[in-house]
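Structural description and commentary
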Amino acid sequence: MLRSCTQLVKGLTCRPSARCRLDAVRSRGVVDRISLVPFSNASVTTDCALPNDSWSPDMLEQFNKFMEMTRDGTWKRLPSYRKFMEKVTLGGKEYVLKRAPNSRFFMRSIDKEGLGFEYVMFLNQAQKRLVCLFQPGIYLEGPPGFAHGGSTAAILDSTLGGCAFYMAGRIMTGNLNINYKSPIPLGSVVLVESKLDRVEGRKVFMTGHIRSADGQTLHAEATGKSLFVLSQP
Ligand SMILES: CCCCCCCCCC(=O)SCCNC(=O)CCNC(=O)[C@H](O)C(C)(C)COP(=O)(O)OP(=O)(O)OC[C@H]1O[C@@H](n2cnc3c(N)ncnc32)[C@H](O)[C@@H]1OP(=O)(O)O
């Protein structure tokens, strides 16, 4: 656990409090082509894709590495909220997404930091890639000490779906094929990689995999049959 993220988040300053306010991160490295408007309720508008005290040194190291790559604009950090966005501007067109008043975005539904899905996503539009740094918390347990396969599917779905969304438009998951290769230890840091393979009409084909942060272990892979279907125009 961290004492403070002041020293660990390279080039950025924040108060050494439980909730770091990384304004410097918020103001850069965020997707500009697409505008996402979160709900106005303060309890759900905190950007969760920023370091908090539950992040391990390995998670921070990976975060710093990707933040460095946002400097020249090739990679963008994606903000993330407890409630999903209410408006999306995509390719100049605005979509209003109606949500139930007390609903939560599934991936951010556990309030206490570090217990559920801790993650941050980075998008590379030129390469049609989205990478997610993921640290599974103890509420995601399946086999003793390891992440539940459903949580692995959820982070793959969100990463591949996010990539399909940012690269192609509004989608629904039609089919997600996963081969589970090696269990993911709770509290470890893994890299979830996704890439847009091809678009055929309304079908968006994606590939992806999950590796340990050191690259040595392949935890899971999503095959080329994984399919996201674009909404009807
Ligand atoms: C930054 C964070 C971003 C977060 C991203 C969030 C990602 C999470 C996304 C989700 O969790 S979505 C929720 C889970 N998914 C669903 O509940 C979807 C349920 N299924 C449906 O709503 C519909 O079946 C679907 C929209 C997927 C497709 O129905 P449509 O009536 O719009 O399309 P249609 O059935 O006409 O199929 C269009 C094409 O896709 C093909 N297709 C559809 N489903 C398929 C399937 N399962 N396997 C293979 N092909 C499929 C279909 O054959 C056809 O191909 P062709 O154009 O070549 O004829």
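Residues numbered from 1 in each chain as written. Predicted model: local features only at pLDDT ≥ 70, side-chain atom pairs only at ≥ 80, totals over all residues. Heavy atoms only, no water.

1. Brief notes about the overall build of the protein chain
Assigned secondary structure in the protein chain consists of three helices and 12 strands. A buried classification covers 47% of the 233 residues belonging to the protein chain. Across the protein chain, contacts joining residues at least 24 apart in sequence account for 67% of those joining residues at least 6 apart. Working note: accessible area of the protein chain is about 11,400 Å², and carbon and sulfur atoms make up 53% of it. (Helix = DSSP H or I, 4+ residues; strand = E, 2+ residues; numbered from the N terminus. Buried < 20%, exposed > 50% of the residue type's maximum accessible area, 1.4 Å probe, protein only. Contact = heavy atoms within 4.5 Å. Areas by Shrake-Rupley, 256 points an atom, 1.4 Å probe, with all protein chains shown as cover.)

2. Describing the pattern of salt bridges
Two side chains with opposite charge may pair up if their charged atoms get near one another. Under the counting rule described, the total for this entry stands at eight salt bridges. For aspartate 111, the salt bridge is made with arginine 104, and the minimal N-O distance between the two is 2.9 Å. Salt bridges sharing partners connect three or more residues here, namely Arg82, Arg104 and Asp111. (Salt bridge = Lys/Arg side-chain N within 4 Å of Asp/Glu carboxyl O.)

3. A few points about the site of the ligand
Neighbouring the ligand are 13 residues, the closest being Asp157, Thr173, Gly174, Arg202 and Lys203. In this structure, glycine 174 approaches the ligand through a main-chain N or O atom, which is 3.0 Å from a nitrogen atom. Out of a free accessible area of 1,200 Å², the ligand has 49% covered by protein chains. Of all the secondary-structure elements, those providing two or more residues to the shell around the ligand are helix H3 (149-168), strand S7 (171-175) and strand S12 (227-230). (Near = heavy atom within 4 Å. Polar contact = N/O pair within 3.5 Å; in protein donor to acceptor, adjacent residues only side chain to side chain.)

4. What about the side chain of serine 188?
Residue position: serine 188 is located in the loop between strand S8 (178-180) and strand S9 (190-200). Polar contacts involving the side chain of serine 188 include one to the main-chain carbonyl oxygen of proline 185, which spans 2.7 Å. Excluding residues that lie within four positions of it along the chain, serine 188 makes contacts with Phe134, Gln135 and Pro136.

5. Section: the packing of aromatic side chains
Enumeration according to the criterion identifies seven aromatic pairs in this entry. Ring centres 5.1 Å apart and planes at 25° place the aromatic pair phenylalanine 66 and phenylalanine 122 in the stacked group. With phenylalanine 66 in helix H2 (residues 57-70) and phenylalanine 122 in strand S5 (residues 117-124), the pair connects residues that are 56 residues apart, well separated along the chain. An aromatic cluster of three or more residues is present, and its members are Trp55, Phe63, Phe66, Trp75 and Phe122. It is arginine 108 that lies over the ring of tyrosine 119; its NZ or CZ is 3.7 Å from the centre. (Phe/Tyr/Trp six-rings, centres within 6.5 Å; stacked < 30°, edge-to-face > 60°. Lys NZ or Arg CZ within 6 Å of the ring centre and 35° of its normal.)

6. Some details on the confidence of the model for the protein chain
Looking at the protein chain, pLDDT values average 83 and 79% of them are 70 or higher. A low-confidence stretch, residues 1-33 stays under pLDDT 50, and its non-local contacts, those more than four residues away or across chains, total 68 contacts. (pLDDT = per-residue confidence, 0-100.)

7. Some remarks on the pairing of S5
With eight of eight residues buried, S5 lies mostly within the body of the structure. Burial along S5 is two-sided: Phe117, Tyr119, Met121 and Leu123 facing one way and Glu118, Val120, Phe122 and Asn124 facing the other are all buried. Examined bridge by bridge, strand S2 (residues 76-78) and S5 share three bridges and lie antiparallel to one another. Within S5, the residue paired with leucine 78 across the bridge is methionine 121. Connecting S5 to the next strand, strand S6 (residues 129-136), in antiparallel fashion are four residues, including lysine 128 with a positive phi near 55°. (Pairing = 2+ DSSP bridges.)

8. Side note on unusual backbone geometry
Most peptide bonds take the trans form, and the phi angle of most residues other than glycine is negative. Backbone geometry at lysine 128 places phi at a positive 55°, although glycine is not the residue there. Take lysine 128: it is sitting in the loop between S5 and S6.

9. Details of the nonpolar core
In this structure, Tyr119, Phe134 and Ile155 are the most contacted members of the largest nonpolar core, which totals 36 residues. The set of elements that each furnish at least two residues to this core consists of S5, S6, H3, S9, strand S10 (203-212), strand S11 (218-222) and S12. Broken down by element, this core gets its largest block of residues, eight residues, from H3. With residues near it in sequence (within four places) discarded, isoleucine 155 still touches Met107, Phe117, Tyr119, Cys132, Phe134, Val192 and Ile210. (Core = buried A, V, L, I, M, F, W, Y, C linked by side-chain atoms within 4.5 Å.)

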